[in-house]
Amino acid sequence: MLLEALLIFLAQLLYVPIFTLRTIMMVKSQKGKASGLGILEGMIYVVAIGIVLSDLSNYYNMGAYALGFGVGLYLGALIEEKLAIGYVSIEANIPRKNQELINRLREVGFSVSTSSVEGIDADRYLLYCTSRRDREKEFYRLIDQYEEKAFVASYEPRNFKGGYITKGMKKRRELFLKKRREKQESA
C-alpha cells in the first residue's frame, strides 16, 4: 500500500516538471521538443493515474498524487529558472548617458542600442538590449553597479528577426574591444 503511494509520488516528481518544460517549449514554438516531452509526460501520467484510479478508497495514493503534484510544480519552476530557455529584451531607463556602462555592457557581449527620451520632468537615456535569458541577472547586476537609479524592465520576445543575437554576440564583443584598443592607442 505505501509502496504504491511512493511510486505515485515519484511519478509525479517526474511528470509535473516534464509537463512544465513541455508547456514552455510550446510557448516558445519549439514543437519538436514539446512533442517529445509530451510522449514521456503521457506515459508517466497514465501509469500514475492508473494506480490511483484502481483503488479510490486508498487515500494514501490520492495524497501521494496531490503531494507529488505540488512538489513537482516547485521542482519544475526551479528547473525552468535554471535552464532560462529563450531570450529576453531589456530596457534600462537611466538619468543620463553613461558611456562607461554602455562600454561595459558591450565589452561583456551584450547588444546595446541607445536613444535619448523625454521623461516627465527631464531628458533621460534609454538602453535597449536583447540577450539570452540566462544572462538577464548579469545585466541587472551591471546596471546596479553603474546606475542605481535606473528603471529596468524586461520582456520575453516570442519571435525576432535580424540583429546579431546568436553568432554576432561574440563577434561584436571582439570588434568592440579591438576598436576600443585602437582608440586608446591613437589617443
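In short, a report on the structure. (Residues numbered from 1 in each chain as written. Predicted model: local features only at pLDDT ≥ 70, side-chain atom pairs only at ≥ 80, totals over all residues. Heavy atoms only, no water.)

1. Quick look at helix α1 (residues 2-27)
Applied cut-off: What counts as a helix is a DSSP run of H or I of at least four residues, what counts as a strand is a run of E of at least two, and both are numbered from the N terminus. A helix's residues, less one, multiplied by 1.5 Å, set its expected span.
The first and last C-alpha atoms of α1 sit 37 Å apart over 26 residues, in line with the 38 Å expected at 1.5 Å per residue. After α1 finishes, the residue Ser29 shows a positive phi value of roughly 60 degrees.

2. Some remarks on the environment of Val112
The test is simple: Think of it in three bands: with a 1.4 Å probe and only protein chains considered, a residue is buried below 20% of the maximum accessible area for its type, exposed above 50%, and partly exposed in between.
Locating Val112 in the fold gives a position in the loop between α4 (99-107) and β2 (113-118). Residue classification places Val112 among the buried positions, given a relative accessible area of 9%.

3. Points about α4
Inspection of α4 places Leu101, Ile102, Leu105, Arg106 and Glu107 among the buried residues, and these make up the whole buried set. With its phi angle positive at about 100 degrees, Gly109 sits one or two positions after the end of α4.

4. Let's talk about the packing of aromatic side chains
Applicable threshold: Each Phe, Tyr or Trp ring, with Trp reduced to its six-membered ring, pairs with another whose centre is within 6.5 Å; inter-plane angles below 30 degrees give stacked pairs, above 60 give edge-to-face pairs, and intermediate values give tilted ones. Any Lys NZ or Arg CZ that is within 6 Å of a ring centre and within 35 degrees of that ring's normal is treated as a charge sitting over the ring.
With the rule as written, the count across this model stands at 3 aromatic pairs. Arranged with centres 6.2 Å apart and planes meeting at 25 degrees, the rings of Tyr15 and Phe19 form a pair that is stacked. In this pair, Tyr15 and Phe19 are both assigned in helix α1, 4 residues apart and thus about one turn of the helix distant. A residue is classified by how much of its surface remains accessible, and Tyr15, at 9% relative accessible area, is buried. An aromatic cluster is defined as three or more aromatic residues linked by ring pairs; in this entry it consists of Tyr15, Phe19 and Tyr45. Note that Arg135 overlies the ring of Phe110, its terminal NZ or CZ placed 4.0 Å from the centroid.

5. With respect to the sheet that holds β2
Here is the rule we go by: Strands pair, by our definition, only if DSSP identifies at least two bridges between them. Helix axes are fitted only over the stretch in contact, all axes being lines through C-alpha atoms; the angle between N-to-C directions runs from 0 to 180 degrees. Throughout, a residue-residue contact means that at least one pair of heavy atoms, one from each residue, lies within 4.5 Å.
Judged by pairing direction, the sheet is antiparallel, and its 4 strands sit side by side in the order β2-β3-β1-β4 without closing on themselves. Two strands bound the open sheet, and with one partner strand each, they are β2 and β4 (151-155). Along the sheet, successive strands turn relative to each other by an average axial angle of 20 degrees, direction set aside. Where β2 meets strand β3 (residues 123-132), 6 bridges bridge the pair, whose relative direction is antiparallel. Following the sheet pairing, Ser113 is matched in β3 by Tyr128. Against the sheet, α4 makes contact with β1 (87-94), β2 and β3, and its axis sits at roughly 5 degrees relative to β3, the strand it touches most.

6. Concerning the pattern of salt bridges
What counts, and what does not: The term salt bridge refers to a side-chain nitrogen of Lys or Arg lying within 4 Å of a carboxyl oxygen of Asp or Glu.
Taken as a whole and judged by the stated rule, the model has 7 salt bridges. The salt bridge involving Glu107 is made with Arg104; its shortest N-O contact spans 2.5 Å. Taken together, the residues Glu107 and Arg104, both in helix α4 and 3 residues apart, mark about one turn of the helix. Look at Glu107 and you get buried, because its relative accessible area is 15%. Taking the relative accessible area as the measure of exposure, Arg104 reaches 29% and is therefore partly exposed. For the salt bridge of Asp134 with Arg132, the shortest nitrogen-to-oxygen distance reads 3.2 Å. Residue classification places Asp134 among the partly exposed residues on the basis of a relative accessible area of 46%. One salt-bridge network, held together by shared partners, links Glu80, Arg133 and Glu156.

Function cannot be inferred from these measures alone, as they are strictly geometric.
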